[in-house]
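# Results of the structural survey
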Amino acid sequence: MSTSKWIVAGVCAALTWPLTGGSQEGPNLGIEATPEEIAGWDISIGADGDGLPVGSGTPSEGASIFAAKCAACHGLQGEGLLNDRLVGGHGSLATDNPAKTIGSYWPYATTIFDYVRRAMPYQTPHTLTDDEAYAVTAHLLHLNGIIQADDVIDAQTLPAIEMPNRDSFDRVYPPTD
Amino acid sequence: MSQNQQITSTLEPVAGNGLLHRRLFLTGGAATLGAGALGLLTARHVTAAPPPEVPEWMKAPGAPLSGYGRRSRFEAGVQRYVATPAAGTTGAGASRTPLERLNGMITPNALHFERHHSGIPDIDPEQHRLLIHGLVERPLVFSMDALHRYPMVSRIQFLECSGNSRTIIAAAPQSGTCGQLHGLLSCSEWTGIPLGVLLEEAGVDPQGRWLLMEGADAAAMTRSVPLAKAMDDALLAIYQNGEALRPEQGYPVRLFLPGWEGNISVKWLRRIAVTREPTMTRDETSKYTDLLPDGRSLMFTFEMGVKSVITSPSPGLAMQGPGLYEISGLAWSGAGRIRRVEISADGGESWAEAALTEPVLSKALTRFRLPWRWDGGSAVIMSRAVDETGTVQPTREALIAEKGTRFAYHINGIEGWQVAANNEVTNVHV
């Protein structure tokens, strides 16, 4: 494509946007990504479990990882220390002292795995193996009384968990009128 | 109407406790009548030696030219208010714009508020890539060089953190300057690529309804954005007020979603995944949802409500005795343009319409002004904005009646400043 042609096409795409829903010709300077490249980047986990890797973990495996890598900031029992409380608070949301924790507030268990694997431990994110991330997730679910001590958390069991506060969210978007 | 008549009529109070007509300053009334007639404060000028004394800086050539400018050393005290984060977690926190020390509608880049979840990454633009994948015909990777070749657009728009002004719903009014209380708010000219152009190139599958946006910071910050918003007015911003984005504002490229809560305009953007459903990331479930009194929560409360604050007079800017002052502030709405701003100087008993400084732009900060003759007595000043949809900024009371006091985001109630006879200005609930 010649330079002048893409400039014209690009400007049109920008100017007519968003009046036309149809496809406009843009500069097309993106390079097609390979499945391998995407796999290396795609770390997000859908609420339905989409994207969960192979691997597994149990609360007891997670307990020692949590004590070593998380407790300094979140407390040994996840009760909160320097940073967010992660455990308890059940039944507190409608009181004057609501405690929003994984157990009392988070609507989806998949979010724990997604968030911990991408962002924690705070000082050294992306250092947990998938098995470790499953194990810590299992431990946090167990501390919150949502699973048993020997339950195995993996790509099948995690999205199947019904979090206690799951149905307490009302979506404001999209607007209804 | 002759100039004289105009001046006289603009000098008539238009609302209680000394509010004057909004056209007073515009007609030049204050200037032609002279400072004395209006009681304008001149104390500051009196202390300077009169001409023809030649000040030091006129007696020798000044500083040489420079490659990158800096402000006057006398302005060095104008700083963001940096909240100290918990020990060991440097970078997870916020700094606020000193709104009371600025004027106009644009926030200087170095004073734009900050909110990071794991610090500011030091990104090499040569190595940075943006991936668009998921429910698309062609997953695409863009280098920064490629993005720079796209046609760009510029828009002046505000960014407000969803958690701004939390102190409005605190039981007791909190002490602090305007910036400390409401400074998670800034406005810039953003230049970049309409996101829709790149999405069209990738070819969004008809089943794609949401976009997962991921940042290249250590928190890999993620939010889900409705495709409709992305196609409407979303921008991949590369420039801020004419220069490359600052690192703390997302260098080399950020998402910018006009009128929506700041957190969703993901900085350091590196990945866009087209999905059927929202991903339900931590920052759209655990955080950035509004807990209501009955224990239920609102989710996807994206748009920032109509709001205004008076930046001057305000706490920290002490009054200088009775006389003529300009009440000035900022109004904005995530729904569009500001239509009107009203000001009260008697705690809400009566209201006068403020002048809006052009340009009044959609989803931008709008500067408002109104002359006020302060008689030196106790006064409560406050502002109330109305946007182009006719939505009126709610009172604090109405906001609390609707949402309680346990929500932590989208707090747009009216707050007042108490001006006291001793010249002090403090925060009050009204």
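Everything discussed here concerns the structure shown above.
The structure contained in this document is the topic of the report that follows. (Residues numbered from 1 in each chain as written. Chains lettered and ligands numbered in written order. Predicted model: local features only at pLDDT ≥ 70, side-chain atom pairs only at ≥ 80, totals over all residues. Heavy atoms only, no water.)

## What about the overall build of chain A?
Broken down by element type, chain A carries seven helices and four strands. When the elements of chain A are put in sequence order from the N terminus, they spell out α-β-α-β-α-α-α-α-β-α-β. When the accessible surface of chain A is split by element, carbon and sulfur atoms take 55% of a total near 8900 Å². (Helix = DSSP H or I, 4+ residues; strand = E, 2+ residues; numbered from the N terminus. Areas by Shrake-Rupley, 256 points an atom, 1.4 Å probe, with all protein chains shown as cover.)

## Section: the interface of chain A and chain B
The partner chain B presents 65 residues to the 54 residues of chain A that form the contact. Interface area for chain A against chain B, summed over the two sides, is near 5100 Å², with a carbon-plus-sulfur share of 58%. Salt-bridge contacts for Arg118 of chain A lead to Glu214 of chain B; the nearest nitrogen and oxygen are separated by 2.8 Å. In this assembly, chain A and chain B are joined by 25 residue pairs in polar contact (both at pLDDT 80 or more). Contributing elements (two or more residues each) for the side of chain A that touches chain B: α1 (3-16), β1 (31-32), α2 (35-41), α5 (110-119) and β4 (169-171) of chain A. Sorting elements by how many residues they give to the side of chain A that touches chain B places α1 of chain A first, with five residues. (Contact = heavy atoms within 4.5 Å. Buried area = accessible area lost by both parts, 1.4 Å probe. Salt bridge = Lys/Arg side-chain N within 4 Å of Asp/Glu carboxyl O. Polar contact = N/O pair within 3.5 Å; in protein donor to acceptor, adjacent residues only side chain to side chain.)

## Observations concerning a nonpolar patch on the surface
Nonpolar side chains collect at one region of the surface, where Val54, Trp57 and Met58 of chain B lie side by side and expose about 400 Å² of accessible area between them. A relative accessible area of 72% places Trp57 of chain B in the exposed class. (Patch = residues over 30% accessible without salt bridge, like charges linked within 9 Å, V, L, I, M, F, W, Y side chains within 5 Å. Buried < 20%, exposed > 50% of the residue type's maximum accessible area, 1.4 Å probe, protein only.)

## Points about unusual backbone geometry
Put simply, Met120 of chain A and Pro121 of chain A share a cis peptide bond, and its omega is -5°. Summarising the element assignment, Pro121 of chain A is placed in the loop between α5 and α6 (130-143). The step from Glu358 of chain B to Pro359 of chain B runs through a cis peptide bond, and the omega angle for that step is -5°. Here Pro359 of chain B shows up in the loop between β22 (355-356) and β23 (366-374). Within the chain, Asn17 of chain B stands out as a residue other than glycine whose phi angle is a positive 65°. Here Ala220 of chain B, not a glycine, exhibits a phi torsion of approximately 40°, which is positive.

## With respect to the environment of Leu255 of chain B
Residues and elements named next belong to chain B. Mapped onto the fold, Leu255 is located in strand β14 (residues 254-256). Separated by 89 residues in the primary sequence, Leu255 and Arg166 have C-alpha atoms spaced 25 Å apart. Sequence-distant contacts of Leu255, that is, excluding residues within four places in its chain, are made with Leu195, Met213, Val225, Ala234, Leu235, Leu236, Ile264, Ser265, Val266 and Leu269.

## What about the environment of Ala71 of chain A?
Residue and element names in this part refer to chain A. Locating Ala71 in the fold gives a position in helix α4 (residues 71-74). Classification of Ala71 by relative accessible area gives buried; the value is 9%. Put simply, Ala71 and Asp151 are 80 residues apart on the chain and 22 Å apart in space, counted from C-alpha to C-alpha. Those residues within four positions of Ala71 in sequence are excluded, and the remaining contacts are Phe66, Leu76 and Leu81.

## Some words on the sheet that holds β1 of chain A
Here we have six strands laid out as an open sheet, ordered β1(A)-β7(B)-β6(B)-β15(B)-β10(B)-β11(B), and mixed in their pairing. Of all the strands in the sheet, the pair left with one neighbour each is β1 of chain A together with β11 (222-226) of chain B. Summarising the sheet, β1 of chain A and strand β7 (residues 140-143) of chain B pair through two bridges and their orientation is antiparallel. Bridging across to β7 of chain B, Ile31 of chain A finds its partner in Val141 of chain B. (Pairing = 2+ DSSP bridges.)

## A short note on the nonpolar core
Side chains of nonpolar character tend, in soluble globular proteins, to be buried together. By size, the foremost hydrophobic cluster in this structure holds 78 residues, and its most contacted members are Leu141 of chain A together with Leu195, Leu198, Leu211, Met213, Leu236 and Leu255 of chain B. With seven residues, α6 of chain A is the largest single contributor of residues to this core. Every residue in contact with Leu195 of chain B, bar those within four places of it in the chain, is listed here: Leu211, Met213, Ala230, Ala234, Leu235, Leu236, Leu255 and Ile272 of chain B. Formed by 37 residues, the second largest nonpolar core is a distinct cluster that contains Leu99, Leu185, Val306 and Leu330 of chain B. (Core = buried A, V, L, I, M, F, W, Y, C linked by side-chain atoms within 4.5 Å.)

## Considering the layout of surface pockets
Remark: the empty space left among the atoms is shown by a probe the size of a water molecule rolled over them. Taken as a whole, the largest pocket encloses approximately 1100 Å³ of empty space. As for the largest pocket, its lining consists of 50 residues, of which Asp84 of chain A together with Arg115, His117, Arg282 and Lys287 of chain B are closest to the centre. Those elements that provide at least two residues to the lining of the largest pocket are α3 (59-69), α4, α5 and α6 of chain A together with β4 (93-96) and β5 (114-116) of chain B. For the lining of the largest pocket, the element with the most residues is α5 of chain A, which contributes four residues. The residue makeup of the lining of the largest pocket, split by class, is 29 nonpolar, twelve polar and nine charged. (1 Å grid on protein atoms, 1.4 Å probe; cavity = no way out; pocket = protein on both sides within 12 Å on 5 of 7 lines; lining within 4 Å. Points joined across faces, edges and corners; volume = space filled by probe spheres on them. Nonpolar A, V, L, I, M, F, W, Y, C, P; charged D, E, K, R; others polar.)

## A word on the packing of aromatic side chains
Summed over the entire model, instances satisfying the criterion amount to 14 aromatic pairs over all chains. Taking 5.7 Å as the distance between ring centres and 70° as the angle between the ring planes, the aromatic pair formed by Tyr173 of chain A and Trp260 of chain B counts as edge-to-face. Within this pair, whereas Tyr173 of chain A is found in the segment after β4, its partner Trp260 of chain B is found in the loop between β14 and β15 (269-275), the two belonging to separate chains. By relative accessible area, Tyr173 of chain A is classed as buried at 17%. By relative accessible area, Trp260 of chain B is classed as buried at 6%. With 5.0 Å between their ring centres and 40° between their planes, Trp210 of chain B and Phe300 of chain B make a pair best called tilted. Here Trp210 of chain B is found in strand β10 (residues 210-215), whereas its partner Phe300 of chain B is found in the loop between β17 (297-299) and β18 (307-312), with 90 residues between them in sequence. One Lys or Arg, Lys100 of chain A, reaches over the ring of Tyr105 of chain A and ends 4.8 Å from the middle of that ring. (Phe/Tyr/Trp six-rings, centres within 6.5 Å; stacked < 30°, edge-to-face > 60°. Lys NZ or Arg CZ within 6 Å of the ring centre and 35° of its normal.)

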